[in-house]
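# Remarks on the overall topology
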Amino acid sequence: MPKRNAKAQKSNELDAPEFFAAINMIEKERGIPKAYMLDKITQALVSAYKRDHEGIGDNVTVEADEEHASVRMFIKKDVVETVDNEFTEISLEEARLSLPHAQLGDLVRMEIKPRNFGRIAAQTARQVIIQGMREAERGMIYDEFSSKEHELLTGVITRIDPRSGAVSLRIGSGNEATDAFLSAGEQVKGETYREGDRLKVYVVEVRRSTKGPQVLISRTHPGLVKRLFELEVPEIYDGTVEVKSIAREAGSRTKLAVWSADPNVDPIGACVGPRGQRVNNIVEELRGEKVDIVKYSDDPAEYVAAALSPADVISVTTLSDGKSCRVVVPDDQLSLAIGKEGQNARLAAKLTGFKIDIKPASAPEDEEPLEEDVVIEDQDQQEEIQA
């Protein structure tokens with residue numbers, strides 16, 4: 001008679017030393033606190049036992065003792081004469097087999113051997129443990145990246161969707177790395193991306209979702225420009241120079257208003273840097289986007305005149321509503337003040353928050369605006385620059 005190959009059956013008995021070794025390894029490799037995992041695992045063991053024994057209530061507990069390398073499960077039962085519910089009650093005779101001094105009315109604690117777990121219960125416990133690990137990792141990632149909202153991060157492009165053009169990036173490192181998606185709407189028109197490239201992105205928001213933290217990033221947000229200046233200009237980073245406002249049309253042009261309380265510090269010169277090195281580094285990161293740096297002023301006339309650079313301004317008159325102004329420029333500067341397709345005047349309006357009426361010097365002020373006169377109004381609210 002041929003011999004049957006008997007497969008060795010794995011014992012359901014918990015190997016406590018291996019159990020605690022695994023917990024320590026999870027803490028070391030994934031950074032998940034041991035106390036958190038022990039809590040999740042004891043909950044999983046109780047849940048598994050309840051799943052396999054319908055009728056069990058909240059009278060099951062698990063004690064994990066790392067010092068003595070033991071994991072023990074107990075069930076609490078009332079000692080009664082007649083047992084109506086075997087899961088919550090025990091007869092005096094049976095109780096005295098384990099506890100000789102048991103009396104009627106006592107609440108006794110009986111140990112449940114782990115080997116009595118059924119196969120389904122063991123699988124349930126394993127699933128709950130895995131879920132607990134996932135939740136812990138997601139929580140750690142969320143905490144890590146929520147503290148980096150409105151900051152500049154560098155990610156590695158891992159995938160480019162050929163249909164939507166959305167770019168997937170891996171940001172962070174180690175166990176606290178996560179994937180972020182740069183949608184087509186948050187990409188700068190004209191920029192090209194390749195897998196493996198490193199890309200600086202601005203973290204707009206971090207949200208919780210069922211699939212883990214969702215990191216919303218952008219290349220078009222004006223905050224990206226501010227963070228780049230903070231990296232390049234020490235005077236902005238330490239607060240000597242303050243960025244008052246930013247107006248941006250991503251990929252084309254940005255206007256930046258800066259100011260310094262220190263009369264010995266030139267805010268524009270600090271941003272430009274020696275031989276333009278600082279601003280050139282930023283323009284290179286923005287892949288050729290023009291950057292105008294202007295000096296902020298509490299005087300609306302001075303501020304609007306500066307915002308319209310590189311055009312020269314003859315005069316700025318603030319109108320009675322306090323939100324509009326009339327600007328007069330030399331005839332040969334009108335096109336420059338307006339900019340291509342009105343961009344320069346539009347950005348100046350967004351930067352200052354003023355409705356700007358631009359007139360050439362040859363147009364008498366008491367006449368109606370000529371066809372070449374341009375009125376620019378910032379219809380949208382000015383972009384908020386996060387501190």
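Structure first, text after, so check above.
### Comments concerning the overall build of the chain
The helix and strand tally for the chain stands at 11 helices and 16 strands. In the chain, of all internal contacts separated by at least 6 residues, the share reaching a separation of at least 24 is 58%. Just so you have it, the chain exposes about 22700 Å², and 46% of that area is on carbon and sulfur atoms.

### Some words on the pattern of salt bridges
Applying the stated criterion across every chain yields a total of 15 salt bridges. Measuring nitrogen to oxygen at the nearest pair gives 2.7 Å for the salt bridge that ties Arg253 to Asp292. Here Arg253 is found in strand β11 (residues 253–260), whereas its partner Asp292 is found in strand β12 (residues 290–295), with 39 residues between them in sequence. Members of the salt-bridge network, linked through shared partners, are Glu191, Arg219 and Glu285.

### Structural notes on the sheet that holds strand β10 (residues 241–249)
Spatial strand order, β10-β11-β12: 3 strands in an open sheet with mixed pairing. In this open sheet, the two strands that pair with only one neighbour each are β10 and β12. Neighbour-to-neighbour, the strand axes of the sheet open up by a mean angle of 20°, direction not taken into account. In this sheet, β12 lies alongside β11 in parallel orientation, the contact comprising 6 bridges.

### Re the pairing of β10
The pairing of β10 with β11 spans 8 bridges and is classified as antiparallel. By the bridge assignment for β11, Arg248 is matched with Thr254. Hairpin connection of β10 to β11: 3 residues between the antiparallel strands, including Gly251 at a positive phi of 90°.

### Some thoughts on the packing of aromatic side chains
We describe a pair of aromatic rings using the distance from one ring centre to the other and the angle between the two ring planes. A full pass over the atoms with the stated rule returns 1 aromatic pair. Each ring, one from Tyr296 and one from Tyr303, has its centre 4.8 Å from the other, and the planes form 70°; the classification is edge-to-face. Assessed through its relative accessible area of 6%, Tyr303 is described here as buried. Lying over the aromatic face of Phe74, Arg109 brings its terminal NZ or CZ to 3.9 Å of the ring centre.

### Comments concerning unusual backbone geometry
Backbone phi values are negative for most residues with the exception of glycine, while trans is the configuration of most peptide bonds. Residues Ser309 and Pro310 are joined by a peptide bond in cis, for which omega reads 15°. Although it is not a glycine, Arg275 sits at a positive phi angle of roughly 55°. In this structure, Arg275 sits in the loop between α7 (267–272) and α8 (277–285). Take Arg275: its relative accessible area is 88%, and that puts it in the exposed class. Even without being a glycine, Glu341 presents a positive backbone phi close to 55°. Among the structural elements, Glu341 can be located in the loop between α10 (334–338) and α11 (343–352).

Rules and cut-offs
- Residues numbered from 1 in each chain as written.
- Predicted model: local features only at pLDDT ≥ 70, side-chain atom pairs only at ≥ 80, totals over all residues.
- Heavy atoms only, no water.
- Helix = DSSP H or I, 4+ residues; strand = E, 2+ residues; numbered from the N terminus.
- Contact = heavy atoms within 4.5 Å.
- Areas by Shrake-Rupley, 256 points an atom, 1.4 Å probe, with all protein chains shown as cover.
- Salt bridge = Lys/Arg side-chain N within 4 Å of Asp/Glu carboxyl O.
- Pairing = 2+ DSSP bridges.
- Axes fitted to C-alpha atoms, helices over the stretch in contact; angles between N-to-C directions.
- Phe/Tyr/Trp six-rings, centres within 6.5 Å; stacked < 30°, edge-to-face > 60°.
- Buried < 20%, exposed > 50% of the residue type's maximum accessible area, 1.4 Å probe, protein only.
- Lys NZ or Arg CZ within 6 Å of the ring centre and 35° of its normal.

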